[in-house]
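Chain by chain, the residues run as shown.
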Amino acid sequence: DAGVIQSPRHEVTEMGQEVTLRCKPISGHNSLFWYRQTMMRGLELLIYFNNNVPIDDSGMPEDRFSAKMPNASFSTLKIQPSEPRDSAVYFCASGIRGLIGNTIYFGEGSWLTVV
Amino acid sequence: DQQVKQNSPSLSVQEGRISILNCDYTNSMFDYFLWYKKYPAEGPTFLISISSIKDKNEDGRFTVFLNKSAKHLSLHIVPSQPGDSAVYFCAASGQAGNMLTFGGGTRLMVKP
């Protein structure tokens, strides 16, 4: 069974450009999460979806960030325009929402560098 | 406000000895706790979890202890192996949801 698949694995882009990160969650999972990891802030939740609906986007840092989940098997995180301080590793994770908190499974991450 | 804290950024242990990683939380609504392990250039991988109805969960060399009154959990690795060298994150969730709040991580180095 394939895990969470993210693309691109690495991206280097110039300041001001649009960046789109993609995620395919594990089949059958109904929750999807976008996390960002930086040295200063560790792993921080940006947004999460249940059944393709955004539930909490309070972690999205600015209006430059947006996320969509058009169907159960695909999600995007977009940064427009990108800035050097957006450089980080972006992780997508998926899980199954249940009666008790469940495990979520992470992708390999998308390493973004904005120069 | 950090709801989940790992106060030790790093820990060094000799191979074969016990590694103890600690985690504290402040939100009394958390009812499910997890440990993840992360190697460089990889995503975090799930290691072990515990619900608030238990105080101990064991899986091979890994045991997680939960002290609800102290709002403290710990991960014990016995015996420690060089391959255990990684960053360990504790995480918590609550209210029947699976949104996880992570601690800042502890880098474990197991020396041969």
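Here we summarise the structure given alongside this text. Since we're looking at a predicted model, the values are computed, not measured. Every chain's residues receive numbers from 1 upward, in the order its sequence appears when written. Here every chain gets a letter starting at A, and every ligand a number starting at 1, in the order they are written. This being a predicted model, a pLDDT of at least 70 is required before a residue's local features are given, and a value of 80 or more before pairs of side-chain atoms are given or counted; all residues contribute to the totals for chains, interfaces and linings. To obtain the side-chain values, all non-hydrogen atoms of the structure were used and water was disregarded.

## A word on the packing of aromatic side chains
Defined as follows: Aromatic pairing here means that ring centres of Phe, Tyr or Trp (its six-membered ring) are within 6.5 Å. Orientation follows from the plane angle: under 30 degrees is stacked, over 60 is edge-to-face, and everything else is tilted. Note on conventions: DSSP H or I runs of at least 4 residues are helices, E runs of at least 2 residues are strands, and numbering of each starts at the N terminus. The cut-offs for exposure are 20% and 50% of the maximum accessible area for each residue type, with area from a 1.4 Å probe on protein chains only; residues under the lower value are buried, those over the upper are exposed, and the others partly exposed.
Here the structure, examined in full by the defined rule, presents 12 aromatic pairs over all chains. With centroids separated by 5.4 Å and ring planes inclined at 15°, the aromatic side chains of F33(A) and Y48(A) adopt a geometry described as stacked. With F33(A) in strand β4 (residues 31–38) and Y48(A) in strand β5 (residues 42–50), the pair connects residues that are 15 residues apart, well separated along the chain. Relative accessible area serves as the criterion here: at 0%, F33(A) is assigned to the buried category. Ring-pair connections join several aromatic residues into one group, and the members of that group are F33(A), Y35(A), Y48(A), F91(A), F106(A), Y36(B), F46(B), F89(B) and F102(B).

## Considering the interface of chain A and chain B
It is common to give the size of an interface as the accessible area that goes away when the parts come together. We count it as follows: In this description, contact between two residues means that some pair of their heavy atoms is separated by no more than 4.5 Å. A 1.4 Å probe defines the accessible area here, and the buried area is the portion of it lost by two parts on being joined, summed over both. By salt bridge we mean one thing: a side-chain nitrogen of Lys or Arg within 4 Å of a carboxyl oxygen of Asp or Glu. Polar contact is defined as a pair of N or O atoms within 3.5 Å, subject to the rule that within protein one atom must be able to donate a hydrogen and the other to accept it, and that residues adjacent in sequence are counted only when both atoms are side-chain atoms. In this classification, the charged set is Asp, Glu, Lys and Arg, the nonpolar set is Ala, Val, Leu, Ile, Met, Phe, Trp, Tyr, Cys and Pro, and all remaining amino acids, among them Gly, are polar.
On the chain B side, the residues contacting the 25 residues of chain A number 19 residues. Around 1800 Å² of area is buried between chain A and chain B when both sides are counted, 60% of it from carbon and sulfur atoms. Taken together, the connections running from chain A to chain B amount to 0 salt bridges. Taken together, the links from chain A to chain B amount to 3 residue pairs in polar contact (both at pLDDT 80 or more). Elements with a minimum of two residues in the side of chain A that touches chain B: β4, β5, β9 (88–95) and β10 (104–106) of chain A. Residue composition of the side of chain A that touches chain B, by class: 13 nonpolar, 8 polar and 4 charged.

## Side note on the environment of T101(B)
Assignment of secondary structure puts T101(B) in strand β10 (residues 101–102). With relative accessibility at 22%, the residue T101(B) sits in the partly exposed group.

## Digging into the layout of surface pockets
The cut-off we apply is this: Only protein atoms enter the 1 Å grid used here, on which a cavity is any set of points holding a 1.4 Å probe that cannot leave and a pocket is any open set flanked by protein within 12 Å on both sides along at least five of seven lines; residues with an atom within 4 Å of a point are listed as lining. Grid points are joined across faces, edges and corners, and a volume is the space filled by probe spheres set on the points.
The computed volume of the largest pocket comes to approximately 1100 Å³. In terms of lining, the largest pocket is formed by 38 residues, of which the most central are R41(A), G42(A), L43(A), G103(B) and G104(B). The leading source of residues in the lining of the largest pocket is β5(A), at 5 residues. For the lining of the largest pocket, the class distribution of residues is 19 nonpolar, 13 polar and 6 charged.

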